[in-house]
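Secondary and tertiary structure notes
Chain by chain, the residues run as shown.
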Amino acid sequence: IERTEAPLTAADFALVDRFAADLQRLRQDDPSLQIARICTYRDPVLGKRLVSSDGRCTLVQVSLSTPYLAVQTRTTVDAIEKCIRACERPGSVSEDRPSLTLPGRLQIHLTGPAGIGRDLIAASANSLESTTLATIILVVVILLLVHRAPVMALIPLGTIAVSVWVALKILALCTLIPGFCMVNISQVFAVVMLYGAGTDYCLFLISRYREELARGRSGPAALARCVGGVGGALTASAATVVCGLGLMGLAEFAKVRSGGPAIAISLIVALAASLTLTPALLRILGPIAFWPHKQFWRTGLHARLEKPFAFEARRRPRSPSRAGLWGRISRYVVARPLLIGAAAVGGLLPLALLGFNVRPNYRATSELAPTSDSIQGLAAIQRHFTAGEAGPITVLLEASMDWEGPRGRAILAHLSQGFSYLDNVAEVRSLTQPLGSPVPFSIFGFSLSEQSSSSLFTPKIENRKPKTGLNMWRSVVQGLTEQINRTASEFYVARLPRTKAEGPPRFVTRLDVVPRSDPFDAESIQTLEQIQLWLREELPKYPGAEQVRAECHGITVNARDLANVTESDRRRINTLVLTGIFLILLALVRRPSFALYLLATVLFSYYASLGATTLLAYWWSGRPLGWVDWRVPFFLFIILVAVGEDYNILLISRALEERQRHGPIEGVRRALARTGGTITSCGLIMAGTFATLMLGGLSTLVQIGFALAFGVLIDTFVVRPILVPAFALWMWRNEVAAERKPILRRPPSYRNFAA
């Protein structure tokens, strides 16, 4: 609760009391919410710590028994927010704002780990709905623009709709497998990849079908030939994506381990549907699929079913490889491959260099928009309190001794004093110093000093009061001491439940180490490393602490562990993905140097996309330049490398086919001219579906959506039409020159021998 322009008033603190009373009733009436404890400024131990020194902000701490990203946590926080809205003054809430704003610029924010978790879960769920709707609308519009035939546009859309339904049912069955889980982010990616890649497969198949019909073949023969001609290429291109995503199943991080194979399963369903359901629909609909184009309705019904392109075949004007935009582009690329390729590389090289130096960011708060209620609350806490108050480092100690005894208190005092000497530590709160610093302090003339006895504070009488009032003052201070001891013991000490066979009882206590820096900053992680080093090296040396088991908990620990796990997963999976895709490319092109070059082109677009993404984050939302969310390089590498090679395979497989008929140079030109329009449409659809991720409520999805869309566009308009044909022409020209080079056989002579 914060008042920005003046200190909090008595009416404000009365409102806090109403909040606390209502929350206590909510805790008692609904135990399923798992609210453990409610602490306000009236708490005898921590009350003073919950009011800022400037008097403009106070905290109400609500402890929950669930993890901050659990679904139950969202339910509990929503119930708490509803309770607060019912308690506040009527007519004071602005419905278009997430925060609770009261008259007089008094603001209430639900923040902390639970508030952040609630906002993350809600944003993920909203992202799934908005992204799915936007993806469907985009695919429908692009299909109508590409085919200009409503029935033809419905064929890929119907195929992918059936694929999505079947894939989600299969994934629902997969959740019965132990260890397999589905999260909202994985569902978002599965839907986007299904619509993007599945529509691409259908478009490529339909394009080859139209080409076969234009050559005068009947409907059944054209369908059989197009499926036989592109089936292998589609399977190989899908195999690159499935291979990359399937290898994510080797990750240690559970969400990545389940999310990658889930998307791979969805793509297998889309591939199977595009090679079976789409040809079946084309055969059933016949010429109706091409309505309203007139050339398909000028002949009788029998002629339309057998040779729907007979009219167009009789007046074939010119070769499709020489006509149109991509026919002209193919001639320019074939004429000056090295010059055009160097210009394309030079234009993207600055972005690639910037992307090469990008570093991942593991701040959970970076996923949310700055206007989120929990982010505004964190900013308010850091304005009025120590930055580390938003997420202290909690040290848990487990032992068979009672921590309230003399030996336990001595160990806690030793650790509390040692941790407070660390450079970045603001204070340490524990059973022996619940207010964050060792006592003495005086109350009513009595000096209360910390002792190692069973009571936390023992009164020391100063000679300012007359002896006649000694017993009365002693009883007052003793009662206050017992209350503080009892409250501190309830908060800092717990006894573990045990069975008869487990031996002596086990006791747990906690120390809250508050860093001066933000919990997600590098300084806080360094402080955590120092604390863990102390617990590992110094604690066992203290007398009586040999059997104490120590663990650290908190959002700083979570961020550090997440960074370690994901970095290890990223290095391992990236190596495996590159190896798997290289083997697929090698089996297709039969040239190791060519396969390596195809990989290098996609890696180049990957780094250029990272550079563009960090520039977007810097200009759009003020993020530090050179930092992106850790999911961006993780998913961008796997998906972009796989999808980029997808388009390369479609082009190279057609170039190899045309090379056998027309030679290397003319084969590359014809392959680029005939596949240019189709692959461009596929790239635009894939980029558009990825761009719909930017409509989600998570900043991470905005960055991933932009990075994937930008990378696919680079692959579509730079890598596939320029860089890949340029290298193929250079390599195949050298092969032709080597084959045609004459072998000169001259008689041996002394002069030649001497030379």
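Residues numbered from 1 in each chain as written. Predicted model: local features only at pLDDT ≥ 70, side-chain atom pairs only at ≥ 80, totals over all residues. Heavy atoms only, no water.

1. Considering the overall build of the protein chain
Along its length, the protein chain carries 21 helices and 15 strands. Counting the 755 residues in the protein chain, one finds 52% classified as buried. For the protein chain, restricting intrachain contacts to residue pairs at least 6 apart in sequence, the fraction spanning at least 24 positions comes to 75%. Counting every atom, the protein chain has about 34,600 Å² of accessible surface; 60% of that belongs to carbon and sulfur. (Helix = DSSP H or I, 4+ residues; strand = E, 2+ residues; numbered from the N terminus. Buried < 20%, exposed > 50% of the residue type's maximum accessible area, 1.4 Å probe, protein only. Contact = heavy atoms within 4.5 Å. Areas by Shrake-Rupley, 256 points an atom, 1.4 Å probe, with all protein chains shown as cover.)

2. What about helix α19 (residues 664–691)?
G676 marks where α19 bends most, by close to 50°. By the criterion of burial, α19 is predominantly enclosed, with 23 of the 28 residues buried. (Bend = angle between axes of the 7 residues up to and from the residue.)

3. Notes on the packing of helix α6 (residues 219–246) against helix α16 (residues 555–589)
Remark: α6 packs on α16, axes separated minimally by 9 Å, with the N-to-C direction vectors making an angle of 165°. Comparing their axes, α16 and α6 come out roughly antiparallel. Both α6 and α16 take part in a crossing whose hand is right-handed. Side by side, α6 and α16 meet where A236, A239, T240, C243 and G244 of the first sit next to V577, G580, I581 and I584 of the second. When the residues that make up the contact of α6 with α16 are grouped by side-chain class, the tally is 6 nonpolar, 3 polar and no charged. (Axes fitted to C-alpha atoms, helices over the stretch in contact; angles between N-to-C directions. Parallel < 35°, antiparallel > 145°, perpendicular 65-115°, else oblique. Left-handed = near helix turned anticlockwise from the far one by under 90°. Nonpolar A, V, L, I, M, F, W, Y, C, P; charged D, E, K, R; others polar.)

4. Some thoughts on the packing of aromatic side chains
All chains considered together, the criterion is met by 13 aromatic pairs. Here F634 and F635 contribute two aromatic rings whose centre-to-centre distance is 5.7 Å and whose plane-to-plane angle is 55°, an arrangement assigned as tilted. The burial state of F634 is the same as that of F635; both residues are buried. By way of ring pairs, the aromatic residues F253, Y362, W630, F634 and F635 are connected into one cluster. (Phe/Tyr/Trp six-rings, centres within 6.5 Å; stacked < 30°, edge-to-face > 60°.)

5. Brief notes about the environment of L599
With respect to the secondary-structure elements, L599 resides in helix α17 (residues 592–621). Considering only alpha carbons, one finds L599 and A642, 43 residues apart in sequence, at a separation of 9.7 Å. Apart from residues no more than four positions distant in its own chain, L599 is found in contact with L578, I581, F582, L585, V641 and E645.

6. Concerning the side chain of T394
In this fold, T394 is placed in strand β7 (residues 393–399). Take T394: its relative accessible area is 10%, and that puts it in the buried class. Here the side chain of T394 touches D512 through a polar contact of 3.2 Å, side chain to side chain. When neighbours within four sequence positions are excluded, T394 is seen to be in contact with R510, L511, D512, E551, C552 and H553. (Polar contact = N/O pair within 3.5 Å; in protein donor to acceptor, adjacent residues only side chain to side chain.)

7. Regarding the nonpolar core
Core analysis: the largest hydrophobic core is formed by 131 residues, its most contacted members being F189, L245, F594, I639, F690 and L693. Excluding its chain neighbours within four sequence positions, the residues that come into contact with F690 are V192, M193, I639, G705, L708, A709 and V712. Grouped together as the second largest cluster of nonpolar side chains are 38 residues, V45, F385, I484 and L539 included. (Core = buried A, V, L, I, M, F, W, Y, C linked by side-chain atoms within 4.5 Å.)

8. A closer look at the pattern of salt bridges
The tally for this structure, following the rule as stated, stands at 34 salt bridges. Across the pair E211 and R654 runs a salt bridge, and its minimum N-O distance is 2.5 Å. One end of the pair, E211, is in helix α5 (residues 184–214); the other, R654, is in helix α18 (residues 631–662), with 443 residues separating them in the sequence. Across this residue pair, the class does not change: E211 and R654 are buried. Linking R536 and E537 is a salt bridge whose minimum nitrogen-to-oxygen distance equals 3.9 Å. You can call E537 partly exposed: its relative accessible area is 39%. (Salt bridge = Lys/Arg side-chain N within 4 Å of Asp/Glu carboxyl O.)

9. Topic: the confidence of the model for the protein chain
Per-residue pLDDT for the protein chain has a mean of 79; in total, 84% of the residues score no lower than 70. Element-level pLDDT for the protein chain is lowest in helix α9 (residues 310–314), with a mean of 39, against a maximum mean of 93 in β7. Segment residues 90–99: pLDDT under 50, and 17 contacts once partners within four positions in sequence are set aside and those in other chains are kept. (pLDDT = per-residue confidence, 0-100.)

10. Focus: the side chain of T692
On the secondary structure map, T692 appears in the loop between α19 and α20 (699–740). The class for T692 is buried, based on a relative accessible area of 6%.

11. As for unusual backbone geometry
Most peptide bonds take the trans configuration, and most residues that are not glycine carry a negative phi. Look at Q34: it is not a glycine, yet its phi comes out positive at around 55°. Counting through the fold element by element, Q34 comes out in the loop between α1 (10–29) and β2 (35–39).

12. Some details on the packing of α6 against α18
In contact at an axis separation of 8 Å, α6 and α18 are set at 150° when each is read in the N-to-C sense. Considering the angle they form, α6 stands roughly antiparallel to α18. Here the hand of the crossing between α6 and α18 comes out right-handed. Together, R225, A233, L234, A236, S237, T240, V241, G244 and L245 of α6 and I638, I639, A642, V643, E645, D646, I649, L650, S653 and R661 of α18 make up the contact between the two elements.

13. Side note on the environment of F594
By the secondary structure assignment, F594 is in helix α17. Taking the C-alpha atoms as reference, F594 lies 8.2 Å from M731; in sequence the two are 137 residues apart. For F594, the contacting residues outside a window of four places in its chain are V589, I652, F727, A728, M731 and W732.

14. Focus on the pairing of β7
Regular strands place side chains that alternate from one sheet face to the opposite one. With 6 of its 7 residues buried, β7 lies for the most part within the structure. Relative to strand β13 (residues 507–515), β7 runs antiparallel, the two sharing 7 bridges. Paired with T394 across the two strands is D512, which belongs to β13. The pairing of β7 with strand β14 (residues 549–553) spans 5 bridges and is antiparallel. Each residue of the ladder has a partner; that of V395, found in β14, is C552. (Pairing = 2+ DSSP bridges.)

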